[in-house]
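Chains, contacts and geometry: an overview
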Amino acid sequence: MASGVTVSDVCKTTYEEIKKDKKHRYVVFYIRDEKQIDVEVVGERNAQYDQFLEDLQKGGTGECRYGLFDFEYTHQCQGTSEASKKQKLFLMSWCPDTAKVKKKMLYSSSFDALKKSLVGVQKYIQATDLSEASQEAVEEKLRATDRQ
């Protein structure tokens, strides 16, 4: 079910700046006037994951957001002695249980439009509380797609 919400050009430009140019660490998107997905916050390249979670929740307990994060971690394949540094882009849909049903429906039905316009995201994560959005939970989901 499409919501008719469009994705602003700024979203696509900021995404490219993260993906190709590594200018920023993350970006938080929101739906403006129930019509368009727009950029709310852009995180510095040296920003930590905690800052991303903070910005994701800035709107308050009744607000949903989308967040894109360039996640870095080390991975060691079985049978090798050295660990390699990996980077994965993930897109998170943050819809806390405390948000109104109408808002949650708008964000979940508009998620596809954002997914389609941000080509190259490795993982999509839906989170309703901090246990699902925590760095540990996200890293576990990203590592699950690595080869052992």
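Residues numbered from 1 in each chain as written. Predicted model: local features only at pLDDT ≥ 70, side-chain atom pairs only at ≥ 80, totals over all residues. Heavy atoms only, no water.

**Here's the deal with the overall build of the protein chain**
Scanning the protein chain from N- to C-terminus turns up five helices and six strands. Going from the N terminus to the C terminus, the protein chain shows its helices and strands as β-α-β-β-α-β-β-α-β-α-α. In summary, the protein chain has a C-alpha radius of gyration of 15 Å against a globular reference of 15 Å for 148 residues, a match within 12%. Projected onto the principal axes, the alpha-carbon positions of the protein chain cover approximately 50 × 30 × 30 Å. Per-residue burial over the protein chain gives 42% buried out of 148 residues. Expressed as a percentage of contacts within the protein chain between residues at least 6 apart in sequence, the contacts between residues at least 24 apart total 64%. Between the mean site of the 24 positive side-chain charges and the mean site of the 24 negative ones, the protein chain shows a separation of 5 Å. (Helix = DSSP H or I, 4+ residues; strand = E, 2+ residues; numbered from the N terminus. Rg over C-alpha atoms; globule rule 2.2 N^0.38 Å. Buried < 20%, exposed > 50% of the residue type's maximum accessible area, 1.4 Å probe, protein only. Contact = heavy atoms within 4.5 Å. Lys, Arg positive; Asp, Glu negative; His and termini not counted. Charge placed at Lys NZ, Arg CZ, Asp CG, Glu CD.)

**Description of the UniProt feature "domain: ADF-H" (unreviewed entry) in the protein chain**
The UniProt entry lists residues 4-143 under the feature "domain: ADF-H" (unreviewed entry), expressed in the numbering used here. Taken end to end, residues 4-143 is 35% helix and 34% strand, and its first and last C-alpha atoms sit 34 Å apart. (UniProt positions renumbered as here; feature names shortened; annotations may be inferred.)

**As for the pairing of strand β3 (residues 36-44)**
In the sheet, strand β1 (residues 6-7) pairs with β3 via two bridges, with the strands oriented parallel. Within the sheet, the bridge partner assigned to V7 lies in β3 and is I37. Across eight bridges, strand β2 (residues 24-32) lies against β3 in antiparallel orientation. Its bridge partner being in β3, F29 is matched across the sheet by V39. Connecting β2 to the next strand, β3, in antiparallel fashion are three residues, including D33 with a positive phi near 55°. (Pairing = 2+ DSSP bridges.)

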